[in-house]
Amino acid sequence: QVQLVESGGGLVQAGGSLRLSCAASGRTFSSYAMGWFRQAPGKEREFVAAIGRSGGSTSYADSVKGRFTISRDNAKNTVSLQMNSLKPEDTAVYYCAARVRLGVRGEYDYWGQGTQVTVSS
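What comes next concerns the included structure. These numbers were taken from a predicted model, which means no experiment stands behind them.

Calculation notes
- Residues numbered from 1 in each chain as written.
- Predicted model: local features only at pLDDT ≥ 70, side-chain atom pairs only at ≥ 80, totals over all residues.
- Heavy atoms only, no water.
- Helix = DSSP H or I, 4+ residues; strand = E, 2+ residues; numbered from the N terminus.
- Rg over C-alpha atoms; globule rule 2.2 N^0.38 Å.
- Buried < 20%, exposed > 50% of the residue type's maximum accessible area, 1.4 Å probe, protein only.
- Contact = heavy atoms within 4.5 Å.
- Areas by Shrake-Rupley, 256 points an atom, 1.4 Å probe, with all protein chains shown as cover.
- Lys, Arg positive; Asp, Glu negative; His and termini not counted.
- Charge placed at Lys NZ, Arg CZ, Asp CG, Glu CD.
- Core = buried A, V, L, I, M, F, W, Y, C linked by side-chain atoms within 4.5 Å.
- Salt bridge = Lys/Arg side-chain N within 4 Å of Asp/Glu carboxyl O.
- Phe/Tyr/Trp six-rings, centres within 6.5 Å; stacked < 30°, edge-to-face > 60°.
- Lys NZ or Arg CZ within 6 Å of the ring centre and 35° of its normal.
- Pairing = 2+ DSSP bridges.
- Axes fitted to C-alpha atoms, helices over the stretch in contact; angles between N-to-C directions.

Comments concerning the overall build of the protein chain
- Helix and strand counts for the protein chain come out as 0 helices and 11 strands.
- The globule rule puts the C-alpha radius of gyration for 121 residues at 14 Å, and the 13 Å found for the protein chain is close to it.
- Across its three principal axes, the protein chain shows a C-alpha extent of roughly 40 × 25 × 25 Å.
- Burial analysis of the protein chain (121 residues in total) assigns 43% to the buried set.
- Sequence-distant contacts, at least 24 apart, represent 56% of the contacts inside the protein chain between residues at least 6 apart.
- Accessible area of the protein chain: about 6300 Å², with a carbon and sulfur share of 46%.
- Taking the average location of the 14 positive side-chain charges in the protein chain and that of its 9 negative ones, the two points are 6 Å from each other.

Some details on the nonpolar core
- The biggest cluster of nonpolar side chains holds 37 residues, and the ones touching the most others in it are Met34, Trp36, Val79, Leu81, Met83 and Tyr94.
- When residues of this core are traced back to their parent elements, those giving at least two are β3 (18-24), β4 (33-39), β5 (46-51), β7 (68-73), β8 (78-83), β9 (92-99) and β11 (115-120).
- Residues in contact with Leu81, not counting those within four places in the same chain, are Leu18, Arg19, Leu20, Trp36, Val48, Ala49, Phe68, Thr69, Ile70 and Tyr94.

Considerations on the pattern of salt bridges
- In this structure the tally under the stated criterion is 6 salt bridges.
- For Arg38, the salt bridge goes to Asp90, with nearest N and O atoms at 2.9 Å. Taken together, the residues Arg38 in strand β4 and Asp90 in the loop between β8 and β9 connect sequence positions 52 residues apart.
- Note that Arg67 and Asp90 form a salt bridge whose closest N and O atoms lie 2.8 Å from each other. With Arg67 in the loop between β6 (58-60) and β7 and Asp90 in the loop between β8 and β9, this residue pair connects regions lying 23 residues apart in the sequence.
- Salt bridges here are not isolated pairs; linked through shared partners, they connect Arg38, Glu46, Arg67 and Asp90.

A few points about the packing of aromatic side chains
- Per the stated rule, a full pass over the model turns up 5 aromatic pairs.
- Here the aromatic residues Phe37, Phe47, Tyr108 and Trp111 are joined through ring pairs into a cluster of three or more.
- Here the basic side chain of Arg45 rests over the ring of Trp111, its NZ or CZ set 3.7 Å away from the ring centre.
- Over the ring of Phe47 we find Arg105; its NZ or CZ atom is 3.7 Å from the centre of that ring.

Focus on the sheet that holds β7
- Taken in spatial order, the 4 strands make up an open sheet running β1-β3-β8-β7, and their pairing is antiparallel. Each edge of the open sheet carries a strand with a single partner, namely β1 (4-7) and β7. Shown here is a sheet whose adjacent strand axes are inclined to one another by a mean of 15°, direction ignored.
- Strand direction decides the pairing type here: β3 and β8, joined by 6 bridges, are antiparallel. By the bridge assignment, Leu20 is partnered in β8 with Leu81.

Focus: unusual backbone geometry
- With phi around 55°, Asn77 is a residue other than glycine that occupies positive phi space.
- Positive phi outside glycine occurs at Ser85, with the angle close to 50°.
- Secondary-structure assignment places Ser85 in the loop between β8 and β9.

By themselves, these observations are geometric and do not establish any function.
Structural data, given as structure tokens:
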């Protein structure tokens, strides 16, 4: 089992940047694919980005491609999401998640509490 704690959310103007971080507990962090998801008010939770166990593979939602970058540091048990050129429609609660099974898409097994990102116009 793994516990996930997000940080780095906040209020930023459109066009600005934020870096989200997720710290994971446990010794087996490198055995999980990691993902970021978000949920805006009144909307379903949606996939944002994911990274494979070794960091060699990544996947992004079309809406964030070219603006967001996911990375991980297995020595520090952390995964990050660098968000640039932020838009008001990026406003949401962002969640870090861990996936036990192979691959980076599909169902995730463990979730953090979320961190709020608000982008003002």
